[in-house]
Amino acid sequence: MPEAAIDLTSVKKTYKGQIHALREVCVRVERGEIFGLLGPNGSGKSTLVKILLTVVKPTLAQGTMLGRPIGDKASLARVGYLPEQHRLPPYLTARQAVEFSGSLSGVSRVDRRRRADELLETVGLRDWKDRRVSGFSKGMRQRAGLAAALVNDPQLVFLDEPTDGVDPVGRKEIRDLLVKMRSEGRTVFLNSHLLSEAEQVCDRVAILLQGRIVTQGHLNDLLQLKGRYVLQVRWSGSIMELPGCETPRVVDQADPLLAHYIIPSSEPQGAQAAIDFARARGGVIESLTAERQRLEDLFMRAVTDPISGEALPPGAAP
């Protein structure tokens with residue numbers, strides 16, 4: 001198996017008073033993919049990222065990052081990081097801010113000047129590179145922050161809520177930048193609670209709840225697990241129930257003989273049985289659509305109690 005960008009076998013963080021921020025976290029992030037770490041506020045997402053970047057000291061951290069043990073300085077030199085609610089010095093221009101970040105990362109003066117111009121072009125700030133950051137919008141500050149995170153030409157980039165608070169146009173631009181990073185061969189570790197954003201760009205995801213990973217895998221595989229079919233049947237008389245389907249409903253009161261059925265399975269055999277039953281009883285198949293679940297559906301099942309349907313309280317074992 002190819003070497004992973006991140007391969008964690010056990011990460012723990014316990015604060016004073018036996019407060020468990022992370023419990024036996026195991027995560028594998030492949031090289032050249034966009035990986036989404038998802039979870040509600042307070043689930044431990046930022047703590048995990050800060051442990052990998054040695055900002056927070058772990059109780060236990062077993063695993064590797066870029067082929068080296070967690071905390072290895074040579075590995076950290078190949079990492080870029082955009083923190084949540086980052087603050088670039090407001091009195092600097094965009095170019096100066098990126099160059100300043102490069103100097104902190106040990107990039108030579110010649111290289112950081114060249115990289116600053118290239119990156120500000122890439123993130124769409126070429127015409128604003130000599131303007132002070134204090135006059136930037138939230139989206140422009142995020143794009144400048146992305147340029148600063150890439151100035152050391154990292155193999156692995158950590159982005160903590162990069163689109164939070166950004167308008168729709170800015171979010172689209174940032175998503176495009178993430179895809180571009182992946183096309184360049186970089187690994188992107190996206191820490192987010194914005195599920196719709198993650199669903200559009202991530203190759204694989206993990207859901208972190210109360211310090212534990214409750215599910216992880218390829219996004220397409222996870223979303224297909226609870227897929228379904230939507231079947232519309234037109235009846236000549238009264239609407240009938242179909243085997244394997246939820247209770248039918250009328251799509252439009254002006255068309256009371258057109259029934260809408262949900263087949264809660266991604267297996268085609270279930271849909272075929274319902275179709276055969278309907279046709280044998282005079283029903284006309286208007287449409288059949290395969291639908292996969294949304295990431296929001298997967299997430300809500302992971303973070304709610306299966307009996308009460310309520311959100312799991314802090315400290316609850318998933």
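Residues numbered from 1 in each chain as written. Predicted model: local features only at pLDDT ≥ 70, side-chain atom pairs only at ≥ 80, totals over all residues. Heavy atoms only, no water.

### Concerning the overall build of the protein chain
Point 1. Counting secondary structure elements, the protein chain contains ten helices and 14 strands.
Point 2. Over its C-alpha atoms, taken along the principal directions, the protein chain stretches across nearly 80 × 50 × 35 Å.
Point 3. Across the 318 residues of the protein chain, 45% fall into the buried class.
Point 4. Sequence-distant contacts, at least 24 apart, represent 69% of the contacts inside the protein chain between residues at least 6 apart. (Helix = DSSP H or I, 4+ residues; strand = E, 2+ residues; numbered from the N terminus. Buried < 20%, exposed > 50% of the residue type's maximum accessible area, 1.4 Å probe, protein only. Contact = heavy atoms within 4.5 Å.)

### Considering the pairing of strand E2 (residues 19-29)
In regular strands, side chains alternate between the two faces of the sheet.
Point 1. Strand direction decides the pairing type here: strand E1 (residues 6-15) and E2, joined by seven bridges, are antiparallel. Its bridge partner lying in E2, Asp7 is registered against Arg28.
Point 2. Two successive antiparallel strands, E1 and E2, enclose a turn made up of three residues, where Gly17 displays a positive phi of approximately 90°. (Pairing = 2+ DSSP bridges.)

### Details of the nonpolar core
Point 1. The biggest cluster of nonpolar side chains holds 45 residues, and the ones touching the most others in it are Leu146, Leu159, Leu178, Met181 and Leu295.
Point 2. Here this core gets seven residues from one element, more than from any other, and that element is helix H5 (residues 138-150).
Point 3. If you look at the next biggest cluster of nonpolar residues, it comprises 24 residues, including Ile6, Leu66, Leu156 and Ala206. (Core = buried A, V, L, I, M, F, W, Y, C linked by side-chain atoms within 4.5 Å.)

### What to know about the sheet that holds E1
Point 1. Strand order in this open sheet of four strands is E2-E1-E4-E5, and the pairing throughout is antiparallel. Bordering the open sheet on either side are E2 and strand E5 (68-69), each of which pairs with just one other strand.
Point 2. Of the strand pairs in this sheet, E1 and strand E4 (residues 60-65) are connected by six bridges, and their pairing is antiparallel. Across the sheet, residue Ile6 finds its bridge partner in E4, namely Met65.

### Details of the confidence of the model for the protein chain
Point 1. Per-residue pLDDT for the protein chain has a mean of 87; in total, 94% of the residues score no lower than 70.
Point 2. Low confidence marks residues 314-318, where pLDDT is under 50. Its contacts with residues over four positions away, or in another chain, come to nine contacts. (pLDDT = per-residue confidence, 0-100.)

### Details of the state of the cysteines
Point 1. A full pass over the atoms with the stated rule returns zero disulfides.
Point 2. With no disulfide partner, Cys202 has as its closest neighbouring cysteine sulfur the one in Cys26, 20 Å distant. (Disulfide = S-S within 2.5 Å.)

### Notes on the sheet that holds strand E14 (residues 284-291)
Point 1. Here four strands make up an open sheet; going across it, the order is E12-E13-E11-E14 and the pairing antiparallel. Two strands close off the open sheet at either side, each with one partner strand: strand E12 (249-250) and E14.
Point 2. By the bridge criterion, two bridges tie E12 to strand E13 (residues 258-263) in an arrangement that is antiparallel. Across the sheet, the residue bridging to Val250 is Ala259, located in E13.

### A word on helix H4 (residues 109-122)
Point 1. The end-to-end C-alpha separation of H4 is 20 Å, in line with the 20 Å expected for 14 residues at 1.5 Å each.
Point 2. Regarding H4, the residues found buried are Arg112, Arg115, Ala116, Leu119 and Leu120. Burial along H4 is one-sided: seen end-on, the buried residues are contained in an arc of 125°.
Point 3. Gly124 occupies a position one or two residues after H4 and carries a positive phi of about 80°. (Expected span 1.5 Å × (residues − 1). Arc of directions from axis to C-beta.)

### Considering the packing of helix H3 (residues 94-104) against H4
Point 1. In the contact formed by H3 and H4, the axes pass within 9 Å of each other and the chain directions differ by 130°. As the angle between them shows, H3 and H4 are arranged oblique. Relative to H4, the crossing made by H3 is right-handed. Two secondary-structure elements touch here, H3 through Ala94, Arg95, Val98, Glu99, Gly102 and Ser103 and H4 through Arg112, Arg113, Ala116, Asp117 and Leu120.
Point 2. The residue makeup of the contact of H3 with H4, split by class, is four nonpolar, two polar and five charged. (Axes fitted to C-alpha atoms, helices over the stretch in contact; angles between N-to-C directions. Parallel < 35°, antiparallel > 145°, perpendicular 65-115°, else oblique. Left-handed = near helix turned anticlockwise from the far one by under 90°. Nonpolar A, V, L, I, M, F, W, Y, C, P; charged D, E, K, R; others polar.)

### Quick notes on the packing of aromatic side chains
Given two aromatic rings, their pairing is described by the distance between the two centres and the angle made by the two planes.
Point 1. By the definition in use, this model includes two aromatic pairs.
Point 2. When the ring of Phe35 is compared with that of Phe189, the centres are 5.5 Å apart and the planes differ by 35°; the resulting orientation is tilted. Residue Phe35 is found in strand E3 (residues 34-38), and its partner Phe189 is found in strand E8 (residues 187-192); the two are separated by 154 residues along the sequence. Grouping residues by exposure puts Phe35 and Phe189 together as buried.
Point 3. Ring geometry for Phe158 and Phe189: centres 5.1 Å apart, planes at 45°, overall tilted. Of the two residues, Phe158 is situated in strand E7 (residues 156-160) and Phe189 in strand E8; the sequence distance between them amounts to 31 residues.
Point 4. Feature note: the residues Phe35, Phe158 and Phe189 constitute an aromatic cluster, connected by ring pairs.
Point 5. The ring of Tyr15 carries Lys13 above its face, with NZ or CZ at 4.8 Å from the centroid.
Point 6. Positioned above the aromatic ring of Phe277 is the side chain of Arg281, whose terminal nitrogen or guanidinium carbon lies 3.6 Å from the ring centre. (Phe/Tyr/Trp six-rings, centres within 6.5 Å; stacked < 30°, edge-to-face > 60°. Lys NZ or Arg CZ within 6 Å of the ring centre and 35° of its normal.)

### Some remarks on unusual backbone geometry
Point 1. Although it is not a glycine, Leu66 sits at a positive phi angle of roughly 55°.
Point 2. Note that Leu66 resides in the loop between E4 and E5.
Point 3. With a phi angle near 55°, Asp153 is a residue other than glycine that sits in the positive phi range.
Point 4. Looking at the element boundaries, Asp153 is found in the loop between H5 and E7.
Point 5. Since its relative accessible area comes to 45%, Asp153 is described here as partly exposed.

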